[in-house]
Amino acid sequence: MLTKKQLFSKGFLSVAPHMLSVIPFGIICGAIGIELGFDPILVYAMSIIIFGGASQIVFLQLLSGGASALIAVTSVGVINSRHLLYGAVLSEYLEKLSFIKKLLISYIVVDQGFAESNKFFIKNKTEPHLHYHLIGSGVTLWIFWQLSTLAGIVLGSFVPEELGLKFAIPLTFIAIVVQDLKKLDHVIVMITCGLSSLLFFNAPFKSYIIISPIIALFVAALVLRLKK
Amino acid sequence: MTWLSITIAGIITYFTRMTMVALVDRDLLGEKVKAVLAYVPSAVFPAIIFPGIFINDYGTFIEMNDPKIFGAIVAILVGFFSRNVIATILSGLTSYWVIIFLL
């Protein structure tokens, strides 16, 4: 049995490598807000209130491009709706927590933390204090997100744009799913999702980000049926 | 107005994170749904990966000889065999840089 502290550290260590993409993305996110002419306090407050990289950038870009607040808010909701899927997966491991703890821990569920903690949960289902792994990964991502968006706001885009560091984002997620390429069913699901995301890329409100997972999950259901 | 929008966007985002964890009873999900949920990472992350590689900042498709495609292939190969996140990201970035800066 692992102690809470050990689980927390494992959570921290599991997401630490992803800081290679989180930090530059946070800097870009903060710097874009300032470049678009928004109040620095407002740009930073988004990192606390919304805490979701891509959705923060889209929100500011839409508003500065003259879109209505309704469209900007809807887009954030649509982009972040994928968390519903993460929650559905994690609920298996968080079931026994008190309602208050569930409310608190939900705030720190983000892509990389979900991905890494979920991998750990699958392999260690019987550990009693599993949620400390999620706290470790989530708190780490939260702190680095706050610091890097702040750095972007204060220092501007001091990372040269020519480096193309945005490319680190797809790379981070490649690192997360790459081992599942060994399994044909997962490959089918991934390709379905990827191709759908390109096909629906121009759908309104960035909805490709949730349409393609839904299509891919339907395909997953079909695959499961065929496997039987 | 902007502050109000951010607050509403934040509340909606929080609900996307919290609803399934705290409000929905897991027993409501059938066994079939639970089995399908095992595919969530494979069903979600390619929607971040593919556009990040194949679509440029202006929302159009990249050329087939774009260095990002090469970088992604290198990252997939290195990631698959090394099982190491840092190696995956750095190999993808450096192979991309080699093409855009040196070739």
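Nothing here was measured: the structure is a model prediction, and the numbers come from that model. (Residues numbered from 1 in each chain as written. Chains lettered and ligands numbered in written order. Predicted model: local features only at pLDDT ≥ 70, side-chain atom pairs only at ≥ 80, totals over all residues.)

1. Description of the domain arrangement of chain A
Residues and elements named next belong to chain A.
Thought 1: Per the domain assignment, the segments of chain A are domain 1 (8–165) and domain 2 (183–228).
Thought 2: The C-alpha centroid of domain 2 is placed 23 Å from the C-alpha centroid of domain 1.
Thought 3: Contacts between the two partners involve eight residues from domain 1, matched on the other side by six residues from domain 2.
Thought 4: Of all the elements in the fold, those that place two or more residues in the side of domain 1 that touches domain 2 are α5 (69–80) and α6 (82–94).
Thought 5: Of the residues forming the side of domain 1 that touches domain 2, the biggest block, four residues, is contributed by α5.
Thought 6: Class assignment for the residues of the side of domain 1 that touches domain 2 results in four nonpolar, three polar and one charged. (Domains from an automatic or database assignment. Contact = placed C-beta atoms within 7 Å. Helix = DSSP H or I, 4+ residues; strand = E, 2+ residues; numbered from the N terminus. Nonpolar A, V, L, I, M, F, W, Y, C, P; charged D, E, K, R; others polar.)

2. Quick word on helix α5 (residues 67–82) of chain B
Since there are 3.6 residues in each turn of an α-helix, residues three or four apart along the chain are aligned in direction.
Thought 1: Relative to the 22 Å expected for 16 residues at 1.5 Å per residue, α5 of chain B spans 22 Å between its end C-alpha atoms, a close match to the ideal helical length.
Thought 2: Taken residue by residue, α5 of chain B has Lys68, Gly71, Ala72, Ala75, Ile76, Val78 and Gly79 of chain B as its buried positions.
Thought 3: Buried residues belonging to α5 of chain B abut α10 (168–177) of chain A together with α4 (46–54) and α6 (85–102) of chain B.
Thought 4: Directly beyond the C-terminal end of α5 of chain B, a positive phi value near 55 degrees is found at Arg83 of chain B. (Expected span 1.5 Å × (residues − 1). Buried ≥ 20, exposed ≤ 12 C-beta atoms within 10 Å, placed from the backbone.)

3. Observations regarding the environment of Gly11 of chain A
Thought 1: In this structure, Gly11 of chain A sits in helix α1 (residues 4–15).
Thought 2: Aside from chain neighbours lying at most four places away, what touches Gly11 of chain A is Ser117, Tyr132, His133, Leu134, Ile135, Gly136 and Ser137 of chain A.

4. Here we look at the environment of Tyr39 of chain B
Thought 1: Along the chain, Tyr39 of chain B turns up in the loop between α2 (31–37) and α3 (40–44).
Thought 2: Look past the residues within four positions of Tyr39 of chain B in its chain and what remains in contact with it is His186, Val189, Leu217 and Ala220 of chain A.

5. A look at the packing of helix α3 (residues 40–49) of chain A against helix α9 (residues 131–155) of chain A
Residues and elements named next belong to chain A.
Thought 1: It is at 9 Å that the axes of α3 and α9 come closest, and there the two elements cross at 160 degrees. The pairing of α3 with α9 is recorded here as roughly antiparallel in orientation. Crossing handedness for the pair α3 and α9: right-handed. Across the interface between the two elements, Pro40, Val43, Tyr44 and Ser47 of α3 pack against Trp145, Gln146, Thr149, Leu150 and Ile153 of α9.
Thought 2: Per-class residue counts for the contact of α3 with α9 are six nonpolar, three polar and no charged. (Axes fitted to C-alpha atoms, helices over the stretch in contact; angles between N-to-C directions. Parallel < 35°, antiparallel > 145°, perpendicular 65-115°, else oblique. Left-handed = near helix turned anticlockwise from the far one by under 90°.)

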